[in-house]
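Summary of the model geometry
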Amino acid sequence: MFRFYSLVISLLLLISSSASAANSLPAANATPLDKQAVEKIIHDYLLQNPEILVEAAQALQKKQLQQQKLQQQDLIKRHAAKLFFNPGDPVAGNPKSKQVIVEFFDYNCGYCKRMNRDTQSLLKSKPNIRYVYKEYPILSQSSMQAARAALAVHQLYPGKYMEFRNLLLSQIGNVSEKTLPKSAKELGLDWGKIQEAMDSDAVKKQLSENIRLAGQLGIRGTPTFVIGNTIYRGIQSEKILIKALKEASSKS
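Note that the structure is a prediction, hence the values are computed from the model and not measured.

Another point: the pairing of strand 3 (residues 130-135). For strand 3, the buried fraction is high: six of the six residues fall into the buried class. Residues R130, V132 and K134 line one face of strand 3 and the alternating positions Y131, Y133 and E135 line the opposite face, and both faces are buried. In this sheet, strand 3 lies alongside strand 1 (residues 91-93) in antiparallel orientation, the contact comprising three bridges. Opposite A92, over in strand 3, you have Y131 as the bridge partner. Direction of pairing for strand 2 (residues 100-105) relative to strand 3: parallel, over a ladder of six bridges. Its bridge partner being in strand 3, V100 is matched across the sheet by R130.

What follows is about the pattern of salt bridges. Side-chain pairing between opposite charges can occur once the charged atoms of the two side chains come close. What the rule picks out here adds up to five salt bridges. R165 is paired through a salt bridge with E103; the nearest N and O atoms lie 3.6 Å apart. Of this pair, R165 sits in helix 7 (residues 161-169) while E103 sits in strand 2, and the two are 62 residues apart along the sequence. Note that R148 and D199 form a salt bridge whose closest N and O atoms lie 2.2 Å from each other. Taken as a pair, R148 in helix 6 (residues 141-156) and D199 in the loop between helix 9 (191-198) and helix 10 (201-216) lie far apart in primary sequence, 51 residues in all.

What follows covers the sheet that holds strand 3. In spatial order, the strands read 1-3-2-4-5; together these five strands make up an open sheet with mixed pairing. The sheet terminates laterally at strand 1 and strand 5 (230-233), the two strands that pair on one side only. The average angle at which neighbouring strand axes cross in this sheet is 20°, direction not considered. Across the sheet, helix 11 (residues 238-251) is in contact with strand 2, strand 4 (224-227) and strand 5; its angle to strand 4 comes to roughly 30°.

The subject of this paragraph is the environment of D106. Within the secondary structure layout, D106 lies in the loop between strand 2 and helix 5 (110-125). Note on D106: relative accessible area 1%, which makes it buried. Remark: the alpha-carbon pair of D106 and G221, spanning 115 residues in sequence, is separated by 8.9 Å. Once you skip the residues sitting within four places of it in the chain, D106 turns out to touch C112, Y136, P137, I138, L139, S143, L169 and T222. Among the polar contacts listed, one links the side chain of D106 to the backbone nitrogen of I138, at a separation of 2.8 Å.

Take the packing of aromatic side chains next. Across all of its chains, the model carries six aromatic pairs by this definition. Measuring from ring centre to ring centre gives 5.8 Å for F104 and Y136, while their planes differ by 85°; the resulting arrangement is edge-to-face. Separated by 32 residues along the polypeptide, F104 in strand 2 and Y136 in the loop between strand 3 and helix 6 bring together distant segments of the chain. An identical accessibility class is assigned to F104 and Y136; each is buried. Both rings, one in F105 and one in Y107, keep their centres 5.1 Å apart while their planes meet at 90°; by these two values the pair is edge-to-face. Comparing F105 with Y107, the two get one shared label, buried. In textbook terms, an aromatic cluster arises when at least three aromatic residues are bridged by ring pairs, as seen for F105, Y107, Y131, Y133 and Y161. Over the aromatic face of F105 sits the side chain of R165, whose NZ or CZ is 4.2 Å from the ring centroid.

Below, the discussion takes up the confidence of the model for the protein chain. Close inspection of predicted coordinates is inappropriate for parts of the model with low pLDDT. Looking at the protein chain as a whole, the pLDDT averages 86, with 83% of positions reaching at least 70. When the criterion is pLDDT under 50, residues 18-23 qualifies, and its contacts beyond four places in sequence or with other chains add up to eight contacts.

Residues I101, Y107, Y131, F164, L180 and I194 are the most contacted members of the largest nonpolar core, which totals 38 residues. Once residues within four sequence positions are removed from consideration, I194 is found in contact with A149, A152, V153, L156, Y157, A184 and L189. L83, V132, L217 and I219 belong to the second largest nonpolar core, which has 14 residues in total.

Mapped onto the secondary structure, L189 falls in the loop between helix 8 (179-186) and helix 9. Here the alpha-carbon distance between L189 and V153, two residues 36 residues apart in the chain, equals 8.4 Å. Those residues in contact with L189 that sit more than four places away from it in its chain are V153, Y157, K160, A184 and I194.

Analysis parameters
Position labels on residues start from 1 in each chain and follow its written sequence. Selection of residues for local features in this predicted model requires a pLDDT of at least 70, selection of side-chain atom pairs for listing and counting requires 80 or more, and totals for whole chains, interfaces and linings are taken over all residues. Water and hydrogen atoms play no part in the side-chain values, which are based on all heavy atoms of the structure. Relative accessibility under 20% of the residue-type maximum defines a buried residue, over 50% an exposed one, and the middle range a partly exposed one, all with a 1.4 Å probe and only protein chains included. Helical segments are the DSSP runs of H or I of at least four residues, strand segments are the runs of E of at least two, and each set is numbered from the N terminus. DSSP calls a pair of strands paired once it identifies at least 2 bridges connecting them. Any Lys or Arg side-chain nitrogen found within 4 Å of a carboxyl oxygen on Asp or Glu counts as a salt bridge. The angle between two axes is taken between their N-to-C directions and runs from 0 to 180 degrees, where each axis is a line fitted to C-alpha atoms and a helix contributes only its stretch in contact. Throughout, a residue-residue contact means that at least one pair of heavy atoms, one from each residue, lies within 4.5 Å. We define a polar contact as two N or O atoms separated by no more than 3.5 Å, with the added condition that, inside protein, one atom must be a possible hydrogen donor and the other a possible acceptor, whereas residues neighbouring each other in sequence contribute only through side-chain atom pairs. In this analysis, rings of Phe, Tyr and Trp, with Trp reduced to its six-membered ring, are considered paired at centre separations within 6.5 Å, and the interplanar angle assigns stacked below 30 degrees, edge-to-face beyond 60, and tilted for intermediate values. Note on criteria: charge over ring means Lys NZ or Arg CZ within 6 Å of the ring centre, with the direction from the centre no more than 35 degrees off the ring normal. The quantity called pLDDT is the predictor's confidence in a given residue, expressed from 0 to 100. Buried residues of nine kinds, namely Ala, Val, Leu, Ile, Met, Phe, Trp, Tyr and Cys, make up a nonpolar core once their side-chain atoms join them within 4.5 Å.

In structure tokens form, the structure reads like this:
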């Protein structure tokens with residue numbers, strides 16, 4: 001509502017300034033109106049036709065949204081290589097598929113935990129898509145530890161990454177210091193080697209690139225999905241993701 005009134009005020013100011021500018025122009029055989037008279041004419045007309053303000057506000061809002069969409073598409077295009085084809089990213093599904101979903105997520109994000117059920121179901125029903133995981137630990141220090149551990153698992157045991165990821169996202173509440181070694185042990189992984197890899201330059205670089213890329217794209221929260229040239233913020237249903245894939249495929 002506040003945004004609507006802001007738009008209305010902006011429109012009124014624009015109309016008033018335009019009327020004042022028009023009033024200052026000389027016209028043959030015309031009697032100039034003073035500023036007060038012009039404002040009264042505008043005021044009375046708008047009171048009699050209030051729907052004009054609504055239509056103008058809606059048109060202005062639509063234009064602003066379109067501009068934001070174009071800016072978003074340009075950002076995705078400029079960062080497409082790191083976004084869709086970074087070799088350090090864990091990938092599920094068909095690695096050669098042209099249908100791609102990129103997800104930025106945090107292990108301590110409750111919505112990410114809920115979304116994991118939908119995305120796993122999506123991968124089962126649509127095994128030919130390429131699903132790219134962007135570790136984006138922004139909620140806490142334990143989020144960062146979990147992301148480092150997961151990327152270390154991907155580096156050492158790439159075939160176990162998805163199982164490790166799913167175990168962490170299935171935890172109730174935040175990931176703790178005990179969660180990581182417990183999950184590794186459950187999968188038969190060497191936690192000592194994982195700890196060493198967590199401090200590797202490759203893992204640090206990957207996380208740094210993910211965080212920088214998110215900032216460049218204006219991504220501030222999780223989960224966030226990038227499909228085609230569109231960014232989808234927040235929790236999404238499986239149906240919405242499938243629809244987004246279809247729309248992206250039709251435009252490619």
